[in-house]
Number of protein chains: 2
Amino acid sequence: MSAAHGRQGEVPVVPVSPPLKDELDIVIPTIRNLDFLEMWRPFFQPYHLIIVQDGDPSKTIRVPEGFDYELYNRNDINRILGPKASCISFKDSACRCFGYMVSKKKYIYTIDDDCFVAKDPSGKDINALAQHIQSLLSPSTPHFFNTLYDPYREGADFVRGYPFSMREGVPTAVSHGLWLNIPDYDAPTQLVKPLERNTRYVDAVLTIPKGTLFPMCGMNLAFNRDLIGAAMYFGLMGDGQPIGRYDDMWAGWCCKVICDHLGLGVKTGLPYIFHSKASNPFVNLRKEYKGIYWQEDIIPFFQSVALPKDCTTVQRCYLELSKLVKEKLGPIDPYFLKLAEAMVTWIEAWDELNTPKSSPESAAVSKAPNGTPAKK
Amino acid sequence: MSAAHGRQGEVPVVPVSPPLKDELDIVIPTIRNLDFLEMWRPFFQPYHLIIVQDGDPSKTIRVPEGFDYELYNRNDINRILGPKASCISFKDSACRCFGYMVSKKKYIYTIDDDCFVAKDPSGKDINALAQHIQSLLSPSTPHFFNTLYDPYREGADFVRGYPFSMREGVPTAVSHGLWLNIPDYDAPTQLVKPLERNTRYVDAVLTIPKGTLFPMCGMNLAFNRDLIGAAMYFGLMGDGQPIGRYDDMWAGWCCKVICDHLGLGVKTGLPYIFHSKASNPFVNLRKEYKGIYWQEDIIPFFQSVALPKDCTTVQRCYLELSKLVKEKLGPIDPYFLKLAEAMVTWIEAWDELNTPKSSPESAAVSKAPNGTPAKK
């Protein structure tokens, strides 16, 4: 209604502010210059970026002109978290969850730096972020399956036989987006099908039903930080750890059982990004092989997790889960004992940086230690 | 490899037989001439049809030339089932389940007579039957969600994080197809959104996860009769009953809990048919209103059903379910006591007509009492 954005002498323009502009951070883990942002400029530029630099902290990461960002390297993480920095992975994109922790916003979108703008079947560029926001702002339906998919979408509704008492849905905590071109395959499948590309655009968003686990990929993922952020821990991966490429999976399994327990929704489907390059399958095999073996026990574990009724916050659920991990997965490998401890450390660090009252530590975080917020 | 289909003097042609030609019946409930079959001729003509004529048995139903069919009217049903005919609904498309019972084939496809051939986004006619067959012949994945949908489809696979031990899947019992144009809405939604049309072609088939119920529509439905047929009972609807338009829903809820118990899969999604005309929302409201009210209790009932381990056949599961219906839903309305009894009668009739050895009754069924199998 304000004409503030209209120039003098022109017809006043009703300003169209990008949705959630001041309530969402884009978190990007990287080891290289962020040239991929050029392609995303029309969609990302209004938002604040949190860049988590992995690997050698002395390296300078170039961010294209005009983006508003803060950047953290390993030195920053160590300085801010002190001994608790041990829960943040090094030399693995799992380090991105540090960005979730230091954000002060309600929503997070995280994307890998080898993901480009995809086109919809009509040839139009897909604004992945806008679609995620739409998914996060509309309810989920985890208690009953709607055969016409998202009932809140334009042109769709609940079908005959869908109980009316369930049509309000539940708040959406997670929006999991997909990938055209290079699919998110494990190393064995990459090796067997090196040329397979995902070309199928499935025009649907759907709620993953309560009680059902799914493989959550961190490449193109949005979530409500207030609702589930404290469980979005990407685990211990990479340097010094016996496993990699299970960071997002771990977070997904933890988040899903907690969302199910707390009555929150998890969606998957649209939006697509264009995944440009497959990681090396031989390297991936080395990172994954223990996970491929362990997941045969991890999945039944998560399928059988029952959280006590008095776990009414994400933090309490997560601490309870860490105990169960120690007890049930600890016997598989000492790694899970270490992981269970790191889960506790993560919650301690999260609570330190995210207390409602401003503590000296959390105040320190709001300064961008290594990045100069650029002017738009 | 046989050249039997090649004419003399011509290059021998390798015959391409339509899939499952001798193993699948198409069941159509109707009260009118089956002119809609003209449009389906290229896809349905090789298959055998079972037509269940509802309403006035003295009326003659015209079937287009060239289709191979048998037709049953109410007199036939009464004659074949005797007193057990009470379990088959009258003046409601629920009567179609009589066709499932008298079929001798392994697979059933059932379709409403106001459903036409839909077009895919490229403008090509969709062979709904062929797509259902493909879904029925490939496994389902009810124990873990695959984010790229059907992993057995060309160009797709299981994604990273999907346990390898689960990649064999389970046998598929049900393939639930969807509808373009008129969506399958209940009367209240029809009244509120009279002009809404489904134009979104979602290019996906997915398994409905274990433990999740869905609203199964009987308009465009295929199933493996050997695996789940005895539970595909469409209940007591229509004439003399307090409820209508919950026949397929009832069958879907029963089938889903039994499939979950027996480790069978239920898929939904492709194929689409073109649903040409909406039924009258005022009439539907009269048929539905008790169902809309009752389903608020029915759904929690089915969500909490736990079948005993010794129920290892569909029949035993179904009889157990009938006991639970009597016990748990009976208090809501005497209708459920009647329905529970009809469920038992249905199983008795099913077993009579479907014993491995040929009984006089089941032999009688294989004659088409009112239809002349036409020559192709």
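Residues numbered from 1 in each chain as written. Chains lettered and ligands numbered in written order. Predicted model: local features only at pLDDT ≥ 70, side-chain atom pairs only at ≥ 80, totals over all residues. Heavy atoms only, no water.

Taking an unreviewed UniProt entry as the reference, chain A is identified by name as UDP-arabinopyranose mutase belonging to Colocasia esculenta. The UniProt entry for chain A carries the following text under Catalytic activity (unreviewed entry): "UDP-beta-L-arabinofuranose = UDP-beta-L-arabinopyranose". Check the Sequence similarities (unreviewed entry) section of the UniProt entry for chain A; it says "Belongs to the RGP family." (UniProt positions renumbered as here; feature names shortened; annotations may be inferred.)

## With respect to the packing of helix H7 (residues 247-262) of chain A against helix H8 (residues 281-304) of chain A
Residues and elements named next belong to chain A. Look at H7 against H8: their axes get within 10 Å of each other, and the N-to-C directions meet at 15°. The orientation of H7 relative to H8 falls into the category roughly parallel. In the packing of H7 onto H8, the handedness of the crossing is right-handed. When H7 is examined against H8, the residues Trp250, Trp253, Cys254 and Val257 are found in contact with a partner set consisting of Gln295, Ile298, Ile299 and Phe302. (Axes fitted to C-alpha atoms, helices over the stretch in contact; angles between N-to-C directions. Helix = DSSP H or I, 4+ residues; strand = E, 2+ residues; numbered from the N terminus. Parallel < 35°, antiparallel > 145°, perpendicular 65-115°, else oblique. Left-handed = near helix turned anticlockwise from the far one by under 90°. Contact = heavy atoms within 4.5 Å.)

## Considerations on the confidence of the model for chain A
Residues and elements named next belong to chain A. In this model, chain A carries a mean pLDDT of 92, and residues with pLDDT of at least 70 account for 90%. Note on residues 358-376: pLDDT under 50 across the span, and 34 contacts to partners over four residues away in sequence or across chains. Scored by ipTM, the complex comes to 0.90, with pTM at 0.91. (pLDDT = per-residue confidence, 0-100.)

## Points about helix H4 (residues 128-137) of chain A
When we look at burial in H4 of chain A, the residues that qualify are Ala128, Leu129, His132, Ile133, Ser135 and Leu136 of chain A. Axial view of H4 of chain A: buried residues confined to an arc of 160°, hence all on one face. (Buried < 20%, exposed > 50% of the residue type's maximum accessible area, 1.4 Å probe, protein only. Arc of directions from axis to C-beta.)

## Quick look at the pattern of salt bridges
Residues and elements named next belong to chain A. Within this structure, the stated rule accounts for 42 salt bridges over all chains. Residue Arg41 is joined to Glu38 by a salt bridge in which the shortest nitrogen-to-oxygen separation is 2.9 Å. With Arg41 and Glu38 both in helix H1 (residues 37-44) and 3 residues apart, this pair spans about one turn of that helix. On the accessibility criterion, Arg41 (21% relative accessible area) is partly exposed. (Salt bridge = Lys/Arg side-chain N within 4 Å of Asp/Glu carboxyl O.)

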